[in-house]
Structure formats: structure tokens, C-alpha cells
Amino acid sequence: MKLKLLREKIYINGQWLEADRGRNFEVLNPFDGSKVATVPLCEGQEARRAIEAAHQAWSVWRHFSPRERAQLLQKWAGLIDDHREELAELITLECGKPIREARAEVAYGNNFVKWAAMEAMHILGETAQMDASNQRMVVIKQPVGVVAAITPWNFPLAMITRKCTPALAAGCTVVVKPAEDTPLTALALAALAEQAGFPPGVLNVLTGLPAEIGLEMSTNPLVRALSFTGSTAVGKLLMQQCSQTVKKVALELGGNAPFIVFKDADLEAALQGVMAAKFRNSGQTCICANRILVQTEIYDEFIEKLAVLIRQLVVGNGLKEETQVTALINQKGLKKVDRLVKAAVNRGARLHCGGSISEDIPLAYQPTLLTEITPHMEIFHEEIFGPVAAVMPFNDEEEVIDLANHTPYGLAGYFYSRDIGRVWRVAEALESGIVGVNSGIVSNEFAPFGGIKESGLGREGSTHGIEEFLETKYICMAF
Ligand code: ADP
């Protein structure tokens, strides 16, 4: 397919531009290392100009009526639907993910645009009587102003729409920096936003050096909110940098999701759930099942059945329909997975299948099953971000809750049980912002997505998501 939406320039103030110093970097297809495109290597100064343009545009955009903002968002959503196949192909080319998952991402990501269009029409205030008979409390919601968004490579489309569209719906303008591995989908979205008719400067996308652009975004006083999805280390740095100008920060950081299977679970459902929660995007999502905890009574049976399913996974080129697992995003990611697996095996983990880098695809890791994991292994504590199922046994509910919560992270947790009392107890006891009960797929636009502890601050999606981009103003009204 010819990629009509491929853009090799940045988009600032409604214009497609080169980097100031004319430098570029290559975007590679993780499957075979081939060059997909080159994009501008921007630094802090281009970010500054984008922020200034967004600030200028804000004075116009904030006065668009909610209906006008909603209509533009709807138009954008319609164009994304019209180009769904090309967007999916672009996602697979730059991120590697299997094409069927890429199509699902386009639909999932576009649901946030459609949701935001509805949310734009539901920004409501409050009024109340006060003690003095001639006074009323009036609370209004106003857009915070310029929003900076920094997004990761594992959902090149959905992470952009999940952040930008509630901000736009709220009346904010946005500057986005997509991950350097996957800038093309973001630029394609900008091309469609331009076609939809967003005024210049309302949505800006620039590519380039993360630290330099990030520093400008997190220190420039014109930016009033920063929304970031990525590693906990970078999130902490950005939060620190944002403190100088007391910006609102919304952070979606790392996870270490437990996936618990109790002996009273529907075993087949739990197996389907764990396959979905573990191997989606070749294991590269922040809500992937990182530690699979199985009650001793069903441990052997579960492992036997899980091994069969893992061995059946089709590893290949993401562009092929049948592919289920494919190349990881880059060498750094691949090395980390290999290191965690080798270290676990050295410390006594049992390898049932996989356990090494693919012989055919340089950046792919073989779907792997490791058992007898213990909290003494790094793999118990670190985000694997690869197609590796790490399983350990547990004896009872109390023990497994302690194990599950034994981490500074708190993004997602899953468990399977048919005991209604246990379902309530465990759902409430898990220290995570998201809990999947008898469900391995949990994210959609209706639901508040976000973490507790070191997994982040704030929520995306749902009616809560837009709050990150609104200020609450109290007006004391006397008459
Ligand atoms: P990962 O290791 O999964 O790539 P990162 O946190 O490094 O996670 O990347 C997530 C996003 O953060 C990407 O867009 C990346 O370019 C950006 N990023 C990385 N380092 C910085 C930084 N120092 N300041 C701002 N953004 C950064």
C-alpha cells in the first residue's frame, strides 16, 4: 500500500517544517531493520516555538464553543476511520506490532477521539446557596492552557489520542512529542487533524531529542500541564523539572502487574485471559501480566496447558495476518528481556519453552514460559516488556496479596476466581489503579486508566480523564 499519510516533517502552527538545523533521524522497521522514513531531529528551540504557537492559538481555541470543538473532534475521528487500514500499516511498520493488533489499536485509539467529542459537551460547573442570602457559590471549569504530551512507542496512535483529545475537548492546545521509535503515526494523525480543520497551532507535533524537548516542555512557563507516558525514571525527572513552574502533571509510568489464578477459577477462561494480558504487543504493554501467580492445587495443570498455548504462538512479520508475536521495538528492549530470563534461570527458574532470541528475526524473542519464579529474582521486580510468562506458585489468599503488592508499582492487577467473597476482598486489597477480575483485557475509553504508587498520577479516559486539563475556579457571587 502506498502510504499517503507518511509525513517526514514536523507540524507546528499549521505548517510542515524541517528542524532548524536541518538534521534528521531514521525510523526503522523493527522486523527487518529497513528504513521506513526520516524525520526531523528537533531540539529545545523548535519545542519553544511550538509552545509559543500553541499559546497563541489557545487565545482563539478556548473561545470555540464546546459544540464547535466536538464537531472538529468528530471530523477527525471520521478521517481516522476512513484511513484505518493505512494507519494500521504505519503502526506495524514503525512499531512492529502484528497487523491485527494494529487495526485493533486504531479502533481503540479512535474511540478516545469519539469519547472526547462527547466529553466536550459535558463540562459542567456547580452552584450553591451560601450562608449570606445575597451570596452564591459558582464553580466553573476552564481549560488549563497549553498542554505538553510525551508519548511512548508501544501504542503509537492510541497514546496520542488518549492524551490529546480530552485536552482539545477541554479547550486546551497541545504540543506532542512522540517516541523517537514511532513518530510516523503521530505525524499522520496531525495530517488528518489538519484535514479536519483544526486551527493552526491547536495541535502541534515535533520529533527529535527527548531530553532537550522534554526540558523545554517541562520548564517553559507557558506550558500549564504535562502529560507523560513512559518509564518511571523519566516520569520522575519530568515531575521534578515541572516543579519549578508548578505545572499539573499526569503520569502513566511503569507497571508490574500480578495475574493471580485461584483454585476456584474457571481455568480455561484464566488461560485465555493470561494469553491476552501477557502476549499482546509481544508483551510490550505497561499493563501486561508480569508475574503470574497460580494456587498450588492447580499449578501443574495450569502450567501444562499454558505451555501448549505458548508453543502455538506464531512468530513472524507483523504485516502477515497470522502473526501473533513479532520483533521487539529495539536492541535495548531485546537485551533486557534476555538478561531477565537468563538471570532467572541462573537463580533456579525452570524453562519450559523459548528462552532465547529468535534465530530468524534479529529483534524477536521466542515466546517463553518460566516457572518457579521467586521474589529473589529480578524478573519478579522489573517490567519484562517481552513475550515471557513468568509463573510462581502460592498457597493462600493472604500470601498472594502480599506477593502481589510487593512492588513499588501499582498500575494493573488481574485475578481469576468464582468466589464472590474473595472477588471483593482481593479487588479491594490489590494496590493498583486498575483491577481485572476474570478479565485479561481491561482498557477502553469508558474506564479511568492510571496507576497508584510509582505507576503514576492522574487518569486517562472516562469522565475523569478530562479533569487533568481543567482548572476549577470558584466565583463568590454577591448581588
Ligand atoms: P522507554 O524506555 O519505554 O522507551 P522512556 O520513558 O524512555 O521509555 O520513553 C517514553 C517517552 O519519553 C518517549 O517519547 C521518549 O522519547 C521520552 N523521553 C525519554 N527520555 C526523556 C527525557 N529525558 N525527557 C523527556 N522525555 C524523554
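Note that the structure is predicted; figures quoted are calculated from it, not measured.

A. Broad picture of the sheet that holds strand 12 (residues 257-261). The mixed open sheet is built from seven strands, whose spatial order is 14-15-16-13-12-17-18. The open sheet has two edge strands, strand 14 (350-353) and strand 18 (434-437), and neither has a second partner. The sheet shows a mean angle of 20° between the axes of neighbouring strands, direction not considered. Bridge count for strand 15 (residues 368-371) against strand 16 (residues 388-394) is three bridges, and the pairing is parallel. Considered in strand 16, the bridge of Leu370 is made with Ala390. Sitting on the sheet, helix 11 (residues 331-346) touches strand 14, strand 15 and strand 16, and the angle it makes with strand 15 is about 35°. This element, helix 14 (residues 420-429), spans strand 13 (289-295), strand 17 (412-416) and strand 18 of the sheet and lies at about 165° to strand 17.

B. Fine view of the environment of Glu304. Its place among the elements puts Glu304 in helix 10 (residues 296-312). Classification of Glu304 as exposed rests on a relative accessible area of 58%. Separated by 61 residues in sequence, Glu304 and Tyr365 place their C-alpha atoms 21 Å apart.

C. Region of interest: the layout of surface pockets. Each pocket or cavity is described by its volume, and for the largest pocket that value is around 990 Å³. In this structure, the largest pocket is lined by 38 residues; those nearest its centre are Trp153, Gly230, Ser231, Val234 and Lys332. Taken together, the elements giving at least two residues each to the lining of the largest pocket come down to helix 7 (210-219), strand 10 (223-229), helix 8 (232-243) and helix 11. Among the elements that take part in the lining of the largest pocket, helix 8 stands out by supplying five residues, more than any other. Of the volumes computed, that of the second largest pocket is approximately 300 Å³. Glu105, Tyr108, Phe155, Arg280 and Ser443 are, among the 16 residues lining the second largest pocket, the residues nearest its centre. When contributions to the lining of the second largest pocket are tallied by element, the ones reaching two or more residues are helix 4 (99-119) and helix 5 (158-170).

D. Representation of the site of the ligand in the model. Surveying the vicinity of the ligand reveals 18 residues, the closest of which are Thr151, Lys177, Glu180, Phe228 and Ser231. At a separation of 2.5 Å, an oxygen atom of the ligand approaches a polar side-chain atom of Glu180. Between the ligand and Pro210, the relevant distance is 3.5 Å, taken from a nitrogen atom to a main-chain nitrogen or oxygen of the residue. When the free accessible area of the ligand is taken as 550 Å², the share hidden by the protein chains comes to 81%. Mapping the ligand onto the cavity grids shows that it belongs to the largest pocket. In the shell around the ligand, the residues fall into ten nonpolar, five polar and three charged.

E. Looking closely at the pattern of salt bridges. For the coordinates displayed, the defined rule picks out 23 salt bridges. In this structure, Asp20 and Arg49 form a salt bridge, with 2.7 Å as the shortest nitrogen-oxygen distance. Here Asp20, found in the loop between strand 2 (15-17) and strand 3 (24-28), pairs with Arg49, found in helix 1 (residues 44-61); they are 29 residues apart in sequence, far enough to count as distant. Given a relative accessible area of 37%, Arg49 falls into the partly exposed group.

F. Structural detail: the packing of aromatic side chains. Evaluation of the coordinates by the stated rule reveals twelve aromatic pairs. Relative to Phe198, the ring of Trp61 has its centre 5.7 Å away and its plane inclined at 50°; by these criteria the two rings are tilted. Pair noted here: Trp61 is in helix 1 and Phe198 is in the loop between helix 6 (184-196) and strand 9 (203-205), with a separation of 137 residues, a long-range link. By relative accessible area, Phe198 is classed as buried at 7%. Relative to Phe446, the ring of Trp115 lies with its centre 5.2 Å away and its plane at 65°, an arrangement referred to as edge-to-face. Highlighted residues: Trp115 in helix 4 and Phe446 in the loop between strand 18 and strand 19 (456-457), separated in sequence by 331 residues. Relative accessible area serves as the criterion here: at 15%, Trp115 is assigned to the buried category. Using a relative accessible area of 57% as the deciding quantity, one classes Phe446 as exposed. Grouped by ring-pair contacts, the aromatic residues Trp61, Phe64, Trp76 and Phe198 constitute a single cluster. Of note, Arg7 hangs over the ring of Trp16, and the distance from its end group to the ring centre comes to 5.7 Å.

G. Representation of the nonpolar core in the model. One finds Leu73, Trp76, Val174 and Phe198 to be the most contacted residues of the largest nonpolar core, which totals 61 residues. Among the elements that line this core, the one with the most residues is helix 6, at ten residues. In this structure, Ala265, Met275, Ile287 and Tyr414 belong to the second largest nonpolar core, which totals 36 residues.

H. Geometry of empty space enclosed by the protein. In total, this model carries four cavities of 30 Å³ or more according to the counting rule given. The computed volume of the largest cavity comes to approximately 70 Å³. For the largest cavity, the full set of lining residues is Phe112, Trp115, Ala116, Glu119, Arg162, Thr165, Pro166, Gly461, Ser462, Gly465 and Ile466. For the lining of the largest cavity, the elements supplying multiple residues, two or more each, are helix 4, helix 5 and helix 15 (462-465). Of the residues that constitute the lining of the largest cavity, the class distribution is five nonpolar, four polar and two charged. Of the pockets and cavities examined, the second largest cavity occupies roughly 60 Å³. Forming the boundary of the second largest cavity are 14 residues, of which Pro258, Ala404, Tyr409, Glu431 and Ser432 lie nearest the centre. Mapped by element, the contributors of at least two residues to the lining of the second largest cavity are strand 12 and strand 17.

What counts, and at which threshold
- Residues numbered from 1 in each chain as written.
- Predicted model: local features only at pLDDT ≥ 70, side-chain atom pairs only at ≥ 80, totals over all residues.
- Heavy atoms only, no water.
- Pairing = 2+ DSSP bridges.
- Helix = DSSP H or I, 4+ residues; strand = E, 2+ residues; numbered from the N terminus.
- Axes fitted to C-alpha atoms, helices over the stretch in contact; angles between N-to-C directions.
- Contact = heavy atoms within 4.5 Å.
- Buried < 20%, exposed > 50% of the residue type's maximum accessible area, 1.4 Å probe, protein only.
- 1 Å grid on protein atoms, 1.4 Å probe; cavity = no way out; pocket = protein on both sides within 12 Å on 5 of 7 lines; lining within 4 Å.
- Points joined across faces, edges and corners; volume = space filled by probe spheres on them.
- Near = heavy atom within 4 Å.
- Polar contact = N/O pair within 3.5 Å; in protein donor to acceptor, adjacent residues only side chain to side chain.
- Areas by Shrake-Rupley, 256 points an atom, 1.4 Å probe, with all protein chains shown as cover.
- Sits in = over half its atoms within 2 Å of the grid points.
- Nonpolar A, V, L, I, M, F, W, Y, C, P; charged D, E, K, R; others polar.
- Salt bridge = Lys/Arg side-chain N within 4 Å of Asp/Glu carboxyl O.
- Phe/Tyr/Trp six-rings, centres within 6.5 Å; stacked < 30°, edge-to-face > 60°.
- Lys NZ or Arg CZ within 6 Å of the ring centre and 35° of its normal.
- Core = buried A, V, L, I, M, F, W, Y, C linked by side-chain atoms within 4.5 Å.

Limitation: the analysis is restricted to geometry and does not speak to function.
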